[in-house]
Amino acid sequence: MSDRPIAPGRDRICIHTATNRPLPLEIAVEEYVRVGVSGITVWRDALTGREPGRAGDLIRAAGLEVVSLCRGGFFVSPTEEGRAAAVEENRTVVREAAALGAPLVVLVCGADPGVPLPLARDQIRDGIERVLPLAEELGVALAIEPLHPMYADTRSAVTDLATANSLAEQIASPWVGVAVDVYHLWFDPNLEREIARAGRARGGAEPPAAIRGAAGSIFAFHVCDWRSPTRDLLTDRGLMGEGCIDIPRIRGWVESAGFSGFVEAEIFSTEYWAMDQRTYIERIVDAYEAHV
Ligand code: ZN
């Protein structure tokens, strides 16, 4: 392992509700506060049956900051109707984020086995550009999250940070940036260079002030670990320190690029969803101390 930067303080720890999927939002908020976590990224399923504005009030009243809403995207479709429906759905997500008080929507951009990847990327750019006027009007930023290439068939045609950076540069809005997730990017030999590029992006325009600690177009930083062997391609992410990702090294690159925002634990894990969530949340916080 590399020389490790000082662990992020509790004021920079954020947990995604999907990490503790069995907990209702209200209980997750209570538990995060109990262990001293400062931020929460809300997944849309956690809002089911709740009014986003009231959920945001509850979160802030508890003393947590809403870091982002996950997730929008899925812009790719072989049909014009499908693409139009995706744009409408993303406008709904942006309105929910505004009501919730989330400054950012994270985009899993989409892919379709029937759409060639270059065309899919054009559709993604077009979809983001169609959602952007509403996002700007409501003050909600959009982060393109590149996904591991194993998801290039159905989840995202954006499979590396270079492609995400290029898209953000082409769209050229201060409201569009990228999310760096170690799970999806850890193996990329160009990662350090592309993180630096993201940090300098947009020709000097400042990122939206509401995204705490953003640098250039780096709007979010997600952590977990890559288990070896991985038993499931979607729901077997490891707790930080359990796998082969050098998280401190990547965090060092992100921070060298100027990012000082939340370090967000996003861990989809059938194994961890089955355990006692109070104990698990304590383990997550310990893992920040030791392995982030
Ligand atoms: Zn992520």
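Small disclaimer: the values here were computed from a predicted structure and weren't measured.

Thresholds applied
Residues numbered from 1 in each chain as written. Predicted model: local features only at pLDDT ≥ 70, side-chain atom pairs only at ≥ 80, totals over all residues. Heavy atoms only, no water. Axes fitted to C-alpha atoms, helices over the stretch in contact; angles between N-to-C directions. Helix = DSSP H or I, 4+ residues; strand = E, 2+ residues; numbered from the N terminus. Parallel < 35°, antiparallel > 145°, perpendicular 65-115°, else oblique. Left-handed = near helix turned anticlockwise from the far one by under 90°. Contact = heavy atoms within 4.5 Å. Nonpolar A, V, L, I, M, F, W, Y, C, P; charged D, E, K, R; others polar. Buried < 20%, exposed > 50% of the residue type's maximum accessible area, 1.4 Å probe, protein only. Pairing = 2+ DSSP bridges. Donors = N, O, S within 2.8 Å, 3.2 Å for Na, K, Ca; no water. Phe/Tyr/Trp six-rings, centres within 6.5 Å; stacked < 30°, edge-to-face > 60°. Lys NZ or Arg CZ within 6 Å of the ring centre and 35° of its normal. Polar contact = N/O pair within 3.5 Å; in protein donor to acceptor, adjacent residues only side chain to side chain. Arc of directions from axis to C-beta. Right-handed = clockwise from strand over helix to strand, strands pointing away.

J.: I would appreciate a short explanation of the packing of helix α1 (residues 25-34) against helix α10 (residues 277-291) in the present structure.
T.: Helices that pack against each other are described as a pair by the angle of their axes relative to one another and the distance between those axes. Following both chains from N to C, one finds α1 and α10 inclined at 45°, their axes separated by 10 Å at the closest point. The orientation of α1 with respect to α10, classified from their angle, is oblique. Considering only the axes of α1 and α10, their crossing is right-handed. Together, Glu31, Tyr32 and Arg34 of α1 and Arg278, Ile281 and Glu282 of α10 make up the contact between the two elements. Residues of the contact of α1 with α10, tallied by class, amount to two nonpolar, no polar and four charged.

J.: Even after reading the chapter, I still don't get unusual backbone geometry, so can you show me in this structure?
T.: Backbone geometry follows two general trends: most residues other than glycine have a negative phi, and most peptide bonds adopt the trans configuration. Following Cys70, the chain continues to Arg71 via a peptide bond in cis, the omega torsion being -5°. Counting through the fold element by element, Arg71 comes out in strand β3 (residues 65-73). The step from Ser228 to Pro229 runs through a cis peptide bond, and the omega angle for that step is 0°. Its location among the elements puts Pro229 in the loop between β7 (218-223) and α8 (247-256). The phi dihedral of Phe74 falls on the positive side, at around 50°, and the residue is not glycine. Residue position: Phe74 is located in the loop between β3 and α3 (80-100).

J.: For this particular structure, what's the right way to read the pairing of strand β1 (residues 13-16)?
T.: Moving residue by residue along a regular strand, the side chains alternate between the two faces of the sheet. Residues Ile13 and Ile15 line one face of β1 and the alternating positions Cys14 and His16 line the opposite face, and both faces are buried. One ladder, built from three bridges, connects β1 with strand β8 (residues 263-265); its direction is parallel. Opposite Cys14, over in β8, you have Glu264 as the bridge partner. Bridge count for β1 against strand β2 (residues 39-43) is three bridges, and the pairing is parallel. Opposite His16, over in β2, you have Thr41 as the bridge partner.

J.: What am I meant to see in the coordination of the zinc ion here?
T.: Think of it this way: four donors in a tetrahedron around the metal ideally sit 109.5 degrees apart, and six in an octahedron ideally sit 90 or 180 degrees apart. Every protein donor of the zinc ion is listed here as Glu145 (OE), Asp181 (OD), His222 (ND1) and Glu266 (OE), and their distances to the metal cover 2.0 to 2.2 Å. The sequence pattern formed by the donor residues of the zinc ion is E-x35-D-x40-H-x43-E. Placement of Glu145 in the loop between β5 (141-144) and α5 (161-171) and of His222 in strand β7 is noted, with a sequence separation of 77 residues between them.

J.: Just to check I follow, could you spell out the packing of aromatic side chains for this structure?
T.: The description of an aromatic ring pair uses the distance of the two centres, along with the angle that the planes make with each other. Applying the stated criterion across every chain yields a total of five aromatic pairs. On the basis of an interplanar angle of 85° and a centroid distance of 5.9 Å, the ring pair of Trp186 and Phe187 is categorised as edge-to-face. You can call Trp186 partly exposed: its relative accessible area is 30%. Centre to centre, the rings of Trp186 and Trp226 are 6.0 Å apart; their planes meet at 45°, and the pair counts as tilted. Highlighted residues: Trp186 in the loop between α6 (182-185) and α7 (191-200) and Trp226 in the loop between β7 and α8, separated in sequence by 40 residues. Put simply, the rings of Tyr183, Trp186, Phe187 and Trp226 pair up and form one aromatic cluster. Above the face of the Tyr183 ring, Arg237 is positioned so that its terminal group lies 4.2 Å from the ring centre.

J.: Teacher, can you tell me more about the side chain of Arg251 here?
T.: Along the chain, Arg251 falls in helix α8. One polar contact links the side chain of Arg251 to the main-chain carbonyl oxygen of Ile6, over a distance of 2.6 Å. Those residues in contact with Arg251 that lie beyond four places of it in its chain are Pro5, Ile6, Ala7, Pro8, Arg12, Phe221, Val263 and Val292.

J.: I'm lost on α5 in this one. Help?
T.: Side chains three or four residues apart in an α-helix point the same way, a direct result of the helix having 3.6 residues per turn. When α5 is considered as a whole, its buried residues turn out to be Leu161, Ala164, Asn165, Leu167, Ala168 and Ile171. Considered in projection along α5, the buried side chains sweep an arc of 160° and stay on one side of the axis. Each element contacted by the buried residues of α5 is listed here: α4 (117-138), β5, β6 (176-181), α6 and α7. The positive-phi residue at the C-terminal boundary of α5 is Ala172, with phi of around 55°.

J.: Just to check I follow, could you spell out the pairing of β5 for this structure?
T.: Going residue by residue along β5, you find Ala141 and Ala143 tucked away on one face and Leu142 and Ile144 tucked away on the opposite face as well. Here strand β4 (residues 104-108) runs beside β5; their pairing, made up of four bridges, is parallel. Each residue of the ladder has a partner; that of Leu107, found in β5, is Ile144. For the crossover from β4 across α4 to β5, the handedness is right-handed. Sheet analysis places β5 next to β6, joined by three bridges and oriented parallel. Each residue of the ladder has a partner; that of Leu142, found in β6, is Val176.

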